[in-house]
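In case you want the letters, here they are:
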Number of protein chains: 2
Amino acid sequence: MSLHQVARACKALHHTFVDRSSARVTLKDIARLAGVHPATASRALDPARGDMLTPETRDRVRRVAQEAGYQVNSFARSLRKNSSGMVGVVVADVANPFLPPILRGIEQIIRAEQKLLLIAETHDDGSTLLEIIDHFVARRVDAVILSAAHLGDEHAVASLAEKIPVVLAVRSVGSARFPTITHDDVLGGQLAAEHLVSLGHRDLAQLRGPMDVSSFRGREQGFAAVMSTTTALERFVDQSATAPTVEEGRRLAKAILDTPGRHPTAFFAHNDLMAVGALEALRDRGLTCPRDISIVGYNDAPLSNHVNPPLTTVRLPSLELGRRVATLALAVIAGSPTEPTIEKLPPELVIRQSTAAPSHP
Amino acid sequence: MSLHQVARACKALHHTFVDRSSARVTLKDIARLAGVHPATASRALDPARGDMLTPETRDRVRRVAQEAGYQVNSFARSLRKNSSGMVGVVVADVANPFLPPILRGIEQIIRAEQKLLLIAETHDDGSTLLEIIDHFVARRVDAVILSAAHLGDEHAVASLAEKIPVVLAVRSVGSARFPTITHDDVLGGQLAAEHLVSLGHRDLAQLRGPMDVSSFRGREQGFAAVMSTTTALERFVDQSATAPTVEEGRRLAKAILDTPGRHPTAFFAHNDLMAVGALEALRDRGLTCPRDISIVGYNDAPLSNHVNPPLTTVRLPSLELGRRVATLALAVIAGSPTEPTIEKLPPELVIRQSTAAPSHP
DNA sequence: CTGTCTTGTGCAATGCATTGCATCGCGATG
DNA sequence: CATCGCGATGCAATGCATTGCACAAGACAG
């Protein structure tokens, strides 16, 4: 018994257990059963082209297809149409709590369009991004929603955009050469700053997120802009976080608290996780929030209203952003002129208990 | 000028802006450039079949392909191979904080295999599940990782399994007819119960998650099993949550606290979000945790160590689960005999400050 | 030196839906 | 009655990679 034969026998055996033989019904079968030509069957099953046929023919074909449990072979269709019916989404990290609402918004729209979502993570790694882009291009994704862009990625995005429609979400690249929808982070930073200043704080510090990401940079600029128009002092902090995590927030806050002299009376953390890290740093130093230091977070992450103290934060319309970005992607796929617009969705300040007027000793 | 011509003109115009003409290099081109037959080129580019050729031929083809920037047309390949190189993942809700680590684990393994992940959400809705399954079948996903199963879904899963290899993650269906990897929720419930009992609690109540989901049911059983072997009393609570959310946790806790008479001294919430909801309910009633009531959560969700008080909870090896489940899926795809095993990963109790000995007045 | 085996490569069929063009038939019009 | 037109449907090419089989040339044994 040759090796070949053995292999075949195994296969046969396997099939007796799980028959995935998938003696699939093809369009030709339907056509035969309905007594028409495959081409006619194809048209009958295409909602857009169904009215090309006699209603009886069309309905007969549809009925037959229904009964036979026909499903198009999406490979064949894609091969012919050269489009996959999938939309690729690139995110930095699914675990980031601000993503799910965005993904959900995207999903709602995309699913309604009978398309499927392909999700991939870059972990903020440039070469992974390139790899993913390759995959998406190879898979002929109909469009890419990119929410993991760094400021330096313009070139990569441009070369992707040559091949596939691209929509930028949340994070923009340097220039506005691509259709983009982000949160209005400059405004967000302003809201945070104005809130703290209006409480009476005059010595403030930012706990900055990675500065090669447009959204953090926007927050920084908005915050700084307000500072420059008031008598308040923004304490310059040399470092920014390598990642917007609890650990990095703690590290940055510690660095500030370890600086000799008086410390600032308020922090603006570039996201809630970092704010929580700052909270930890305070606790470690025996300080309390907001009595000693007020903290404003960003994102209104789940549970950020349940930490101690509940965080004052900036809430982002993420579901809405997801929906818009998906709608935009769909429009671009449909071939509507790709205006390289950038749309910014306004955030909202949520005041809770991590901010208060500074205590004057 | 006919409508047709206008359309074409528009198209041409559009192309001058964004040339997606994608004059794609096909295998035939490569073959021609390398002076071989397409079949040979195909073999040269297939790592598994590369040694079938003369090294020179193979390398020449590869070089040419490289230089020409050749990429297989995945549709054509899939059509031929009748496999898509994608793995579908079905989850209940991406926003659920315990998912990201699992997804990440899955992604690590799947990406390493050059496959892509297709993610879809059911929102715990049965008909959505069916719809998604249809999509996945139509797209000829290589395997489905299903982590959104309800106990009653056995039939749907069986019919899916006829067409595509299925692996169950996190949640099992009633019987163990499919390869499954879950957390050991019975053990998790036990750990929670034992911890509370050993602290001296004798009057306890569960805040139960949806009982049509195996993982919540496991937690309940593990907890109840310990109760039955001790002198402690499990307060029977009629209701269970319709969804494992903060709101539902609060509702359930309120219902218990509103019952006349003494209240239990400890809650076991079936996940951290519900635990946080219970925390809120306590606060609303002027009670404090753990002085009046101890609470054990489940999942060790992000920030659950930062709520007030930090939650005692059950930590799950989710990343590991994701990795294993993906590995299992890969094995099943590769055709290894589909033993309908169920593997349970042990959780771990994390003691923080939401639990303490009951105060005896 | 012939026969057999091996190894490398070519041939052609295959998978399946889509779509531009051709055709057929029928009713309408001159 | 011949012709034109139009609507419905059939025909066949197309998209591209994969793979079983066949064939050829070279190696080696008898």
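Nothing here was measured: the structure is a model prediction, and the numbers come from that model.

(A) Up close: the protein's contact with DNA strand D. The local shell around DNA strand D holds 26 residues, among which Thr-40 of chain A together with Leu-27, Tyr-70, Arg-77 and Arg-80 of chain B are the closest. For DNA strand D, the fraction of atoms within 4 Å of the protein that belong to sugar or phosphate moieties is 65%. Contacts to DNA strand D include Met-52 of chain A, whose backbone N or O atom sits 3.4 Å from a phosphate oxygen. In this structure, Thr-54 of chain A approaches DNA strand D through a side-chain N or O atom, which is 2.8 Å from a sugar or linking oxygen. Taken together, the elements giving at least two residues each to the surface near DNA strand D come down to helix 3 (38–45) and helix 5 (74–81) of chain A together with helix 2 (27–34), helix 3 (38–45) and helix 5 (74–81) of chain B. Considering each element in turn, the surface near DNA strand D owes the most residues, four residues, to helix 5 of chain B.

(B) How the structure looks around the packing of aromatic side chains. Residue and element names in this part refer to chain B. The final tally for this structure, using the stated rule, is four aromatic pairs over all chains. Ring plane angle 15° and centroid distance 5.0 Å describe the contact between Phe-223 and Phe-268, whose orientation is recorded as stacked. Of this pair, Phe-223 sits in helix 10 (residues 214–228) while Phe-268 sits in strand 8 (residues 266–269), and the two are 45 residues apart along the sequence. Side by side, Phe-223 and Phe-268 carry an identical accessibility label, which is buried.

(C) Focus on the relation of the copies chain A and chain B. The transformation that overlays chain A on chain B combines an axial shift of 0.0 Å with a rotation of 180°, and the residual RMSD is 0.1 Å. In the structure described here, the two chain copies are related by an operation that fits a two-fold rotation axis. Residue Val-307 of chain A of chain A places its C-alpha closer to the rotation axis than any other residue of that unit, at 1.9 Å. Interface overlap between copies is the fraction of interface residues in one copy that are interface residues in the other; for chain A against chain B it reaches 98%, indicating a shared surface.

(D) The arrangement of the packing of helix 9 (residues 185–199) of chain A against helix 10 (residues 214–228) of chain A in detail. All names here are of chain A. Where helix 9 contacts helix 10, the two axes come as close as 6 Å, and the packing angle between them is 40°. Compared by their axis directions, helix 9 and helix 10 come out oblique. In this structure, helix 9 crosses over helix 10, and the sense of that crossing is right-handed. Where helix 9 abuts helix 10, its residues Asp-185, Val-186, Gly-189, Gln-190, Ala-192, Ala-193, Glu-194, Leu-196 and Val-197 lie against Ser-215, Gly-218, Arg-219, Gln-221, Gly-222, Phe-223, Val-226 and Met-227. Counted by class, the contact of helix 9 with helix 10 contains eight nonpolar, six polar and three charged residues.

(E) Quick peek at the packing of helix 5 of chain A against helix 5 of chain B. At a closest axis distance of 8 Å, the pairing of helix 5 of chain A and helix 5 of chain B adopts a crossing angle of 150°. Classified by the angle between their axes, helix 5 of chain A and helix 5 of chain B sit roughly antiparallel to one another. In terms of crossing hand, the pair formed by helix 5 of chain A and helix 5 of chain B is left-handed. Of helix 5 of chain B, the residues touching helix 5 of chain A (which contributes Phe-75, Ala-76, Ser-78 and Leu-79 of chain A) are Phe-75, Ala-76, Ser-78 and Leu-79 of chain B. Of the residues that constitute the contact of helix 5 of chain A with helix 5 of chain B, the class distribution is six nonpolar, two polar and no charged.

(F) A look at the protein's contact with DNA strand C. In the neighbourhood of DNA strand C, 26 residues make up the surrounding shell, with Leu-27, Tyr-70, Arg-77 and Arg-80 of chain A together with Thr-40 of chain B lying closest. Among atoms of DNA strand C positioned within 4 Å of the protein, sugar and phosphate together represent 65%. Here a phosphate oxygen of DNA strand C sits 2.4 Å away from a polar atom, N or O, in the main chain of Leu-27 of chain A. Contacts to DNA strand C include Arg-80 of chain B, whose side-chain N or O atom sits 3.1 Å from a base oxygen. Looking at the surface near DNA strand C element by element, the count peaks at four residues for helix 5 of chain A. Of the residues assigned to the surface near DNA strand C, the class counts are 11 nonpolar, seven polar and eight charged.

(G) Structural detail: the pattern of salt bridges. Enumeration over the complete set of coordinates arrives at 42 salt bridges over all chains. Arg-208 of chain B is the partner of Glu-220 of chain B in a salt bridge, and the nearest nitrogen-oxygen pair spans 2.5 Å. Placement of the pair is Glu-220 of chain B in helix 10 and Arg-208 of chain B in the loop between strand 6 (203–207) and helix 10, with a sequence separation of 12 residues. The pair formed by Glu-220 of chain B and Arg-208 of chain B is uniform in burial state, with each residue classed as buried. A salt bridge links Glu-320 of chain B to Arg-324 of chain B, with the nearest nitrogen and oxygen atoms 2.8 Å apart. Residue Glu-320 of chain B and its partner Arg-324 of chain B are both found in helix 13 (residues 318–333); the two are separated by four residues, about one turn of the helix. A single salt-bridge network, built from bridges that share partners, covers Glu-107 and Arg-111 of chain A together with Glu-131 of chain B.

(H) Region of interest: the pairing of strand 5 (residues 180–183) of chain B. Residues and elements named next belong to chain B. The alternating pattern of strand 5 places Thr-180 and Thr-182 and Ile-181 and His-183 on opposite faces, both of which are buried. Sheet topology places strand 5 next to strand 11 (residues 342–345); four bridges connect them, and they run parallel. Bridged to Ile-181 within strand 11 is Glu-343.

(I) Examining unusual backbone geometry more closely. A cis amide bond links Asn-308 of chain A to the next residue, Pro-309 of chain A, at an omega of -5°. Looking along the chain, the bond that leaves Cys-289 of chain B and enters Pro-290 of chain B is cis, with omega of 5°. Following the sequence through the fold, Pro-290 of chain B ends up in the loop between helix 12 (272–284) and strand 9 (294–296). The phi dihedral of His-123 of chain A is positive, around 55°, even though this residue is not glycine.

(J) Summary view of empty space enclosed by the protein. Applying the stated criterion to the full structure yields five cavities of 30 Å³ or more. Of the volumes computed, that of the largest cavity is approximately 110 Å³. Around the largest cavity, the lining residues are Ser-74, Phe-75, Ser-78, Ser-84, Met-86 and Arg-139 of chain A together with Ser-74, Phe-75, Ser-78, Ser-84, Met-86 and Arg-139 of chain B. Counting only elements with at least two residues in the lining of the largest cavity, the list comes to helix 5 of chain A together with helix 5 of chain B.

(K) Geometry of the sheet that holds strand 8 (residues 266–269) of chain A. All names here are of chain A. Strands sit in the order 7-6-8-9 across an open sheet of four strands; the sheet is parallel. Single-partner strands in this sheet number two, and they are strand 7 (233–235) and strand 9 (294–296). The mean angle between the axes of side-by-side strands here comes to 25°, regardless of whether they run parallel or antiparallel. Bridge count between strand 6 (residues 203–207) and strand 8: four bridges; the pairing is parallel. By the bridge assignment, Leu-204 is partnered in strand 8 with Ala-266.

(L) The confidence of the model for chain A, seen in detail. Per-residue pLDDT for chain A averages 88, and the proportion of residues at 70 or more is 93%. In the model, residues 1–19 of chain A has pLDDT below 50 throughout and makes six contacts with residues more than four positions away in sequence or in other chains.

(M) Quick look at the side chain of His-201 of chain A. All names here are of chain A. By the element assignment, His-201 lies in the loop between helix 9 and strand 6. Only 2.6 Å separates the side chain of His-201 from the side chain of Thr-265, close enough to count as a polar contact. In terms of polar contacts, His-201 uses its side chain to reach the side chain of Ser-294, at 3.3 Å. Not counting the four nearest positions on each side in its chain, His-201 is found in contact with Leu-196, Ala-232, Thr-265, Ala-266, Ser-294, Ala-356, Ala-357 and Pro-358.

(N) Focus on the sheet that holds strand 8 of chain B. All names here are of chain B. Strand order in the open sheet made by the four strands is 7-6-8-9, with parallel pairing throughout. Pairing within the sheet leaves two strands with one partner each, and these edge strands are strand 7 (233–235) and strand 9. Averaged over neighbouring strand pairs, the angle between their axes works out to 25° when direction is ignored. Where strand 8 lies against strand 9, three bridges are found, and the strand directions are parallel. Across the sheet, Phe-267 pairs through a bridge with Ile-295, a residue of strand 9. Packing against the sheet, helix 10 makes contact with strand 6, strand 7 and strand 8, and its axis sits at approximately 170° to strand 6.

Calculation criteria
Per chain, residue numbering runs from 1 following the sequence as it is written. Labels follow written order: the first chain is A, the first ligand is 1, and so on. Local features in this predicted model are restricted to residues of pLDDT 70 or higher, and side-chain atom pairs are both shown and tallied only at a pLDDT of 80 or more, whereas totals for entire chains, interfaces and linings draw on every residue. Only hydrogens and water are removed before side-chain values are computed, so all heavy atoms of the structure are retained for them. Residues are labelled near a given molecule or strand when at least one of their non-hydrogen atoms is within 4 Å of it. Whenever two N or O atoms come within 3.5 Å, that pair is a polar contact, provided that in protein one can donate a hydrogen and the other can accept it, and provided that, for residues adjacent in sequence, both atoms are side-chain atoms. Each helix is a run of H or I in the DSSP string that is no shorter than four residues. Each strand is a run of E no shorter than two, and both are numbered from the N terminus. Note on ring pairs: Phe, Tyr and Trp rings are taken, using the six-membered ring of Trp, and paired if centres are within 6.5 Å. Classes follow the plane angle, with under 30 degrees stacked, over 60 edge-to-face and the rest tilted. The rule is simple: take the accessible area with a 1.4 Å probe, protein chains only, and divide by the maximum for that residue type; under 20% is buried, over 50% is exposed, in between is partly exposed. The fit set for superposing copies consists of C-alpha atoms from residues with pLDDT of at least 70 in both; the fit itself is least squares. In this description, contact between two residues means that some pair of their heavy atoms is separated by no more than 4.5 Å. Angles shown run from 0 to 180 degrees and are taken between the N-to-C directions of axes, each axis being a line fitted to C-alpha atoms and, for helices, limited to the stretch in contact. Each angle receives one of four descriptions, namely roughly parallel if under 35 degrees, roughly antiparallel if over 145, roughly perpendicular if within 65 to 115, and oblique otherwise. Here a crossing is taken to be left-handed if its near helix is turned anticlockwise relative to the far helix by less than a right angle, and right-handed if that turn runs clockwise. Gly falls in the polar group here, along with every residue not listed as nonpolar (Ala, Val, Leu, Ile, Met, Phe, Trp, Tyr, Cys, Pro) or charged (Asp, Glu, Lys, Arg). Each salt bridge in this description consists of a side-chain nitrogen of Lys or Arg and a carboxyl oxygen of Asp or Glu lying within 4 Å of one another. Whether two strands pair depends on DSSP finding at least two bridges between them. Cavities and pockets were defined on a 1 Å grid built from protein atoms only: a cavity is a group of points that admits a 1.4 Å probe but offers it no way out, a pocket is an open group of points flanked by protein on both sides within 12 Å along at least five of seven lines, and a lining residue is one with an atom within 4 Å of any such point. Grid points are joined across faces, edges and corners, and a volume is the space filled by probe spheres set on the points. What pLDDT expresses is the predictor's confidence in each residue, scored from 0 to 100.

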